[in-house]
Amino acid sequence: MQNNQAKSTEQVSKQVKTGTTKLVFTVIAMFGFGFALVPLYDVFCDITGLNGKTATEATTYKADHIDKSRLITVQFISRTAQGAAWQFKPEMNSIQVHPGEMKFVKFYAKNESGQHAIGQAIPSVSPGIAANYFQKIECFCFNQQPLKASEDVWMPLQFYVDPELPEDINELTLSYTLFDVTASKDS
Amino acid sequence: MPFGEMYLSLFSVFSMLNQQRRCLVKRRNLGWLLLGGLLSLSAWASPALADSQLNLTQGVTDVSQNVYELHMMVMWICTVIGIIVFGAMFWSMIFHRKSKGAKAASFHESTKVEVLWTAIPIVILVGMAWPATTTLIEMEDNSQSDITIQVTGSQWKWHYKYFDQDIEFYSVLSTPKSQFDNREGDTGEKWANPNYLLEVDKPLVIPVNRKVRFLITSDDVIHAWWVPAFAVKQDANPGFINEAWTKVNEPGIYRGQCAELCGKDHGYMPIVVDVRSEQDYELWINEQKIAKAEAAKAEAQSLNASMSMDELMSLGETIYTGHCAACHQPTGLGLPPAFPALKGSPMATTGPISDHINIVFNGRAGTGMQGYGKQLSLKEIAAVVTYERNAWDNNTGDMVQASDVNAAAGDSSAAPASQQDSAPAPTPAAPTEVEAPTASLDDLSMDELMAMGEEVYVKSCLACHQANGAGMPPAFPALKGSPIALGPVDAHIDMVVKGKPGTAMMGFAAQLTPQQMAAVITYERNAWGNDTGDVVQATAVVNK
Amino acid sequence: MTTATDTIADVHDHGDDHHDHKMTGIKRWILTTNHKDIGTLYLWFSFIMLLTGGAMAMVIRAELFQPGLQIVEPDFFNQMTTVHGLIMVFGAIMPAFTGLANWMLPMMIGAPDMALPRLNNWSFWILPFAFGILLSSLFMEGGGPNFGWTFYAPLSTTYSNGSTAFFVFAVHIMGISSIMGAINIVVTIMNLRAPGMTYMKMPLFVWTFFITAYLLIAVMPVLAGTVTMVLTDTYFGTSFFDAAGGGDPVMFQHIFWFFGHPEVYIMILPAFGIVSTTIPAFTRKKLFGYSSMVYATSSIAFLSFIVWAHHMFTTGMPLAGELFFMYCTMLIAVPTGVKVFNWVATMWQGSMTFETPMLFSIAFVILFTIGGFSGLMLAMTPVDFQYHDTYFVVAHFHYVLVTGSLFSIYAAAYYWLPKWTGNMYSEKLGKFHFWCSLISVNILFFPMHFLGLAGMPRRIPDYALQFADFNKWVSIGGFLFGLSQLIFLYVVIKCIKSGEKAPAKPWDGAEGLEWTVPSPAPYHTFSTPPKVD
């Protein structure tokens, strides 16, 4: 790099070609990295609880004790997305739980669209950091809900709050948005 | 605004600038002019002018006050650094110029100086980061709130829902279009409206001195809920919730706007928060409940009432102008392809009326078309559908009544307000309850047990074990053909009465009467082809 | 001979037939592989784009001249803000820098041309098509992109007006063009330096382009990935950014700003290089702290990769995230401060004259620093909750990009115009251009700070009455600034057509190999490498 006095044009040409090839590979790698950011983001969210994404698969009960000294309020919010002609609500607005204690809550859904429809509920927990401590043993959000016209269903949610939940959190909100995914499933 | 007024305002700012400069500057020099400009900036930022429109608001919460102080601190630090750096620059520009015979020095590096001006900024930055961190920690502490309000943004309005109060409403810009759409001439009305573009039909009402938590989300694109006086700005992300909180110190009306580009009418979705004393807030809550009951009554009446074509068309036009014209345009031509034309469209002419009602009522997934079922009454939807099918030469002659809307949209027979009856109204923190328990221990016949058992099963067991008894394994095992339901009766009773620790199966002793438990056990042992023939009576459950 | 990756050596070996007599007419410009021709093409193209994007800014300012909708409807207003942003970033500032790099880099390092001349031709000539596609979408049913230049999902996916495909393809082509240009810059600097020119002897201008090119190579592909995801979300049923399908709209912002923040530095680092060239020239004194300038530039480039989320404080980040990004962002003030201090130290005890390039450079240092101050204010997370998405942010990035990047490009253009055209530009007109620009640009952007602090959100076509007075000022400043740029066009045309003949080195304090060749620079320079001591 100090001195290219003695380089012939062939040498320069060769170096330029090697350099270019390396850079082209860098570009391709970075293009791939752009897409790799999608799973990386999910991992990042899992670790930090960014955006309140909860696990999409069932967990098993792992808490080693029930912390009777704390009482956490869990609020439930249910919403239907645009175009989803469903009735969707929890059986209760909120529930008090001790960390480590298993709770069971039902959500009511009814297809009012007059035709067969498939619903998918998307959960979100706030504060986001609590998402990591909100453990779902069973949740209707793990599956899609196919309902015939006018059919209704009570859907289960079984969860516990991890006793490791940071001390400063004593209220958390679980929101479900129900999307009508019939179109994307049928096509 | 007339041009005369404009020049007046130009002149006033100019003279303001001049006053600032006159005392400082005598020479016509770029440097002094700029320095003067900088100083006039700092004068603008002085406390006397803090509440003017030239600076950040101090707001009405402790947090907004802290944010304001932080802002002033950084601004002063920047001003001081600016004066030193620009001062040195202008000094050398004035004195080290060639026309004055300055000879260039030859120095071009000094490790000492360079280390110094790397280290000093770091110290200053730490000094700034400290208070910023403490304020931020305070802002992010959403715990221990008194009231929770769910804020939902949609194109282009806000929806507020009071948690535990059963109060919800939309909040829409109330400035008339004639004031802001001046493309066909300006009447100048807006100048008489002090709250131009910052007013809504129904403001959010919150009490003073109470910690109010906002759960913010969106129905379509990203919006941002911003009230400068509270120093609250949070994005509303579709499918996710964000939290923010405020505790307002002074009653009053505070205004803000959507702060994230959300499409065409992003500039027309203001936020108004009416902060009231605690008593006035309670009064307001009661008023809302009464109003809600009356609205439900009116809705029920509208089902039987029939409106004439003229009534429908005139109401329809009003609704259309208020809710639909922004996208589908007053001409019905829309703004294709995002906002399709209604004029001559199959949906509004030849297509079935029920489909038309359905789209208006429920919206259409993946498009800008939101559902108006929650925003408009049945009567209003009927009117607007009628209007769309007959305006702009669509002339179908179709008339739609509230009862048609009710029939087509929800397929249940009740109005939306009473549709909620088909599901139990949410009750705070109450476990599933089944009717008033009867203490009867009388023996029942198999048929009676099976009938009662099915009823209990549907209410208490079905969510997990499913209507067909197949459950949702592994968390919720099947009952159909299961060892529990086919094995010893005692074990089955035990399971229902006490539950099974470590699983979702709870004990139902506190929730069901012995007779109900007996019935449901009988049911489970005989339904879905289990057919054990076992008949379990209430006494058996009690004796257990 | 036929592939785009033919190197300079290949082209020269076989290119002797047209070595000394260049082609004439339009064919010369379409087929040229000469770095000076391509540099000229880039510079003219970027100026045309500046006027195009500027015209859109005029529409925006005309609509905002007073409250109410006077001229355009809100959707078209959004198309104007979006396309204005895209054109200024990808069409005006970036190609202008690439043009400068093409013209000056080979001459500054003593190379005969760019290392990959054919690729060079290609990377320019796909640009007009990119912007042709983008601009043509404005005339289609539904209009052009209306979701802001940041194209946040789902506004740009599910809720777009049908322009997304055109937008995506245009950005892809712009990206490919930038990437090819950047590859060319890197291999040129690495392989074609004159004997004796070590890395630490390179002019700072070369250094900043070297680092910028690396940034481009690292982040433009990420942008390409982002727009591809937007494309498939919109038309092929994927749901990267759609919550219903398990995606997340906030993830879009993370990926976009992972590109977007380094992009900001791509638009300012070359400007640092330019003023580090012009200030010593007109101060007649060596640049103070050359090596600390190199390190500061590199550390800014590095930091640019770990601060992206400061654009997203209000999206609902956890506290720890907010703190991390706040601290990193504040840290950028340190190397940036070092640069400003070094420029001031360069001026200190110099022997200054104030020709037009120097005036633009001084204005750059001051006004960019003001933009830096507002940047520091924006870095403070708690206060950012108030500033975010208001006109305060608009003021901030226009101070950095207009009085920063654009002013530095003007400084460069005036500085090298004699070398490019062989004629001196009219100093009187140049100064007139400067003063008109300086005054109007401050009338244009300074009041935006106040608008933002008073609570005016950005990207709105209409506003509350308390914002009326300042908006009028801003609009007047905008029209004046727009008109002032036509003076520059006149200066350049006049300079090409007539003007006093320029000597090889018109600035007595200037240093560098480019001043050792005659003015105008011959079509081929440094066919035999010069020797640098």
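Residues numbered from 1 in each chain as written. Chains lettered and ligands numbered in written order. Predicted model: local features only at pLDDT ≥ 70, side-chain atom pairs only at ≥ 80, totals over all residues. Heavy atoms only, no water.

(A) Fine view of the overall build of chain C. Along the backbone of chain C there are 18 helices and zero strands. Taken over the C-alpha atoms alone, chain C extends approximately 60 × 55 × 45 Å along its principal axes. Among the 533 residues that make up chain C, the fraction classed as buried is 75%. Within chain C, contacts between residues separated by at least 24 positions form 83% of all contacts whose residues are at least 6 apart in sequence. (Helix = DSSP H or I, 4+ residues; strand = E, 2+ residues; numbered from the N terminus. Buried < 20%, exposed > 50% of the residue type's maximum accessible area, 1.4 Å probe, protein only. Contact = heavy atoms within 4.5 Å.)

(B) Structural detail: the nonpolar core. Core analysis: the largest hydrophobic core is formed by 294 residues, its most contacted members being Trp-225 and Phe-230 of chain B together with Phe-90 of chain C. One finds Ile-95, Ala-131, Phe-159 and Leu-165 of chain A within the second-largest nonpolar core, a separate group that totals 34 residues. (Core = buried A, V, L, I, M, F, W, Y, C linked by side-chain atoms within 4.5 Å.)

(C) Geometry of the packing of aromatic side chains. Taken as a whole and assessed by the stated rule, the structure comprises 86 aromatic pairs over all chains. Ring geometry for Tyr-199 of chain C versus Phe-210 of chain C: centroids 5.8 Å apart, planes at 20°, classification stacked. Remark: Phe-210 of chain C occurs in helix H8 (residues 204-235) and Tyr-199 of chain C occurs in the loop between helix H7 (164-191) and H8; sequence separation between them is eleven residues. A residue is classified by how much of its surface remains accessible, and Tyr-199 of chain C, at 15% relative accessible area, is buried. Taking the ring centre of Trp-226 of chain B as reference, the NZ or CZ of Lys-233 of chain B above it sits at 4.0 Å. We note Arg-28 of chain C situated over the ring of Trp-29 of chain C; from NZ or CZ to the ring centre the distance is 4.3 Å. (Phe/Tyr/Trp six-rings, centres within 6.5 Å; stacked < 30°, edge-to-face > 60°. Lys NZ or Arg CZ within 6 Å of the ring centre and 35° of its normal.)

(D) Fine view of the state of the cysteines. Enumeration according to the criterion identifies one disulfide over all chains in this entry. One disulfide bridge connects Cys-139 of chain A with Cys-141 of chain A, the sulfur atoms lying 2.3 Å from each other. Taking the torsion about the sulfur-sulfur bond, which here is approximately 135°, the covalent link between Cys-139 of chain A and Cys-141 of chain A counts as right-handed. Here Cys-78 of chain B stays unpaired: no disulfide links it, and the sulfur of Cys-328 of chain C, its closest cysteine neighbor, is 19 Å away. You can see Cys-262 of chain B has no disulfide; the closest cysteine sulfur is in Cys-258 of chain B, sitting 3.9 Å from it. Looking at Cys-262 of chain B, the relative accessible area reads 0%, which means it is buried. (Disulfide = S-S within 2.5 Å.)

(E) Representation of the confidence of the model for chain A. Chain-level pLDDT for chain A is 82 on average; 91% of the residues reach the 70-or-more range. Here residues 1-5 of chain A scores under 50 on pLDDT; set against residues more than four positions off or in separate chains, the count is twelve contacts. (pLDDT = per-residue confidence, 0-100.)

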